[in-house]
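Here's the letter readout for the chains.
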Amino acid sequence: MSEKYDVAVIGAGPAGYVAAIRCAQLGLKTACVDRWCDANGKPALGGTCLNVGCIPSKALLDSSEKYHQILTSYGKHGIVVDQVSMDVSKMMKRKTQIVRSLTQGIATLLKANGVDSFHAHGRYAGAGTVELVNWESGEKADEIKATNVILASGSVPIELPNIPFQGDLIVDSAGALEFEEVPERLGVVGAGVIGLELGSVWNRLGSEVTVLEALPDFLPGADTDIAKDAARLFKRQKLGIQLGARVDSAEVGDDIKVCYTVGGEQKEMSVDRLIVCIGRKPCTDNLLTEDSGVKLDERGFIHVNEDCRTDAANVYAIGDCVRGPMLAHKGSEEGVAVAERIATGHGHINYNTIPWAIYTAPEIAWVGATEQEAIEAGHACNSGKFPFAATGRAKAMEDTAGFVKVVADARTDEILGVHIIGPHASELIAEAVVAMEYRASSEDLARTIHAHPTLSEAVHEAALAVGGRAIHSAK
Ligand code: FAD
Ligand code: NAD
């Protein structure tokens, strides 16, 4: 290919395709190389997020939650529903259609923005050269020349050494989005974000779910108050979670025998399907030639500085393949920042205000420091908590579990973190992100008018509670 690009992006997940679009918006001649194929062998843009991650998992979470609500809470509204059943294959078809429409939408967006899209495996060979390799044969088919290169190759699931994935029996998260029927007994290795979300899907549809988690603490990244409440609520939903259980091996016979260790004692569990979701690792297979100049760090991530610059000049890396949380919006914002750095010399991302959301029921979301982290960092803290059960809207919705917690610096009153467990937590957290982005105090939030009746009143009241003046709470 003779034409030279200003920017070549490898990977069209939420990091890569967003970077490519922003580059094009800024007037840079941009190419985007991605190798993903859908189940029919057709190119499908959007990476893990659109094809086997954020979107299909949320489609199934929504379908299963609606089904579960009909069984458990519609009666309280006076709605009588007889003979409820779940058509799993229809649920899966809906999910596939959503994925297809969104992945096709990315292709349209790239085209509309003038980004040249290449379906191939991309390998960075140094000196601004991206080789286009046939993924099946490994043969180099062509190459692109670019002044700047952005690596956005994403991540892949980690496999347990003694438990290789096996057909539809022992699966990774992608396999767990494809079950054709509800497994009677479902084992899940890892009580991280994927384990809780996908465990919830199948639990709601009727599986007996047991999640085995190696760590002794539940959701160690979350604020302790939130993690405690989440553990209590999941137990009530009969989502079995065994902490301190390290899974060692699994054997497929008539069913799947899972061997694990708890407190030094060997245990065994039989299940019909097993999901292994013990984290993800950067995807860098055959991404770089030996003389590319790009280095990996000790954990296998592409080594970058705070500006996402790699060790090679004019080569950047973003998203799951570099340090930091493996979240779609983190990768996208890095993509925007890098595009702006290339075009203008400036680009900004605030790593302190990246929100987390876990789409269980109730949802869990947070931004900034937990109270424990803030104290460890040397802050004296004031915190305010407010339960959804004390808001009119949550009561009207019959969805009252959970609370909001605002953590503020005791001296300056700056908000250090906001933690939510409850209905629509993933949406409510946006207000906290904006507040923290503008370095608001809890007083700022407390003096901001919130519509009544809304769930956001719980955020308002938690901010008021930091100063001991929540209105709708008897001390
Ligand atoms: P990816 O999305 O992995 O995309 C990388 C792309 O690069 C892929 O298309 C890959 O095929 C391609 N590629 C790799 N190497 C090459 C190469 N050499 N040449 C050409 N192409 C290449 N995050 C959230 O924020 N919210 C959620 O709700 C959420 N839910 C999730 C649910 C599940 C089940 C999973 C597995 C993940 C979820 N995530 C979620 C995480 C999210 O999917 C990732 O953080 C996000 O996709 C990372 O984006 P990325 O662009 O860095 O990488
Ligand atoms: P994770 O890191 O969230 O959780 C993995 C868990 O597995 C850990 O708690 C770990 O202690 C446990 N584990 C490891 N080895 C084990 C063993 N042998 N036996 C028992 N437990 C073991 O990883 P994940 O759930 O696979 O998710 C990967 C990434 O995908 C997450 O880090 C997250 O960034 C992203 N993701 C995000 C969302 C979201 O934002 N809602 C949803 C899904 C995935």
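The structure presented is a predicted model; accordingly, all values stated were derived computationally and were not measured. (Residues numbered from 1 in each chain as written. Chains lettered and ligands numbered in written order. Predicted model: local features only at pLDDT ≥ 70, side-chain atom pairs only at ≥ 80, totals over all residues. Heavy atoms only, no water.)

1. Quick look at the packing of helix α1 (residues 16–25) against helix α8 (residues 328–344)
- At a closest axis distance of 8 Å, the pairing of α1 and α8 adopts a crossing angle of 30 degrees. Taken together, the axes of α1 and α8 are roughly parallel relative to one another. When you trace α1 past α8, the crossing you get is right-handed. On the side of α1, the interface is formed by V18, A19, R22 and C23, while α8 contributes S332, G335, V336, A339 and E340.
- Among the residues making up the contact of α1 with α8, the classes are represented as five nonpolar, two polar and two charged. (Axes fitted to C-alpha atoms, helices over the stretch in contact; angles between N-to-C directions. Helix = DSSP H or I, 4+ residues; strand = E, 2+ residues; numbered from the N terminus. Parallel < 35°, antiparallel > 145°, perpendicular 65-115°, else oblique. Left-handed = near helix turned anticlockwise from the far one by under 90°. Contact = heavy atoms within 4.5 Å. Nonpolar A, V, L, I, M, F, W, Y, C, P; charged D, E, K, R; others polar.)

2. A closer look at the domain arrangement of the protein chain
- Each domain of the protein chain was delimited in the assignment, giving domain 1 (4–156 + 281–349), domain 2 (170–278) and domain 3 (356–466).
- Centre-to-centre separation of domain 2 and domain 3, based on C-alpha positions: 29 Å.
- Taken together, the contact between domain 2 and domain 3 spans 17 residues of the former and 20 residues of the latter.
- Interface of domain 2 and domain 3: buried area, both sides summed, is about 1500 Å²; carbon and sulfur atoms make up 65% of it.
- Run the count over domain 2 and domain 3 and you get three salt bridges.
- With its nearest N and O atoms 2.9 Å apart, the salt bridge here joins K405 to D223.
- The interface formed by domain 2 and domain 3 includes seven residue pairs in polar contact (both at pLDDT 80 or more).
- Here the side of domain 2 that touches domain 3 takes seven residues from helix α7 (residues 224–236), the largest share from any one element.
- For the side of domain 2 that touches domain 3, the residue count by class is eight nonpolar, four polar and five charged. (Domains from an automatic or database assignment. Buried area = accessible area lost by both parts, 1.4 Å probe. Salt bridge = Lys/Arg side-chain N within 4 Å of Asp/Glu carboxyl O. Polar contact = N/O pair within 3.5 Å; in protein donor to acceptor, adjacent residues only side chain to side chain.)

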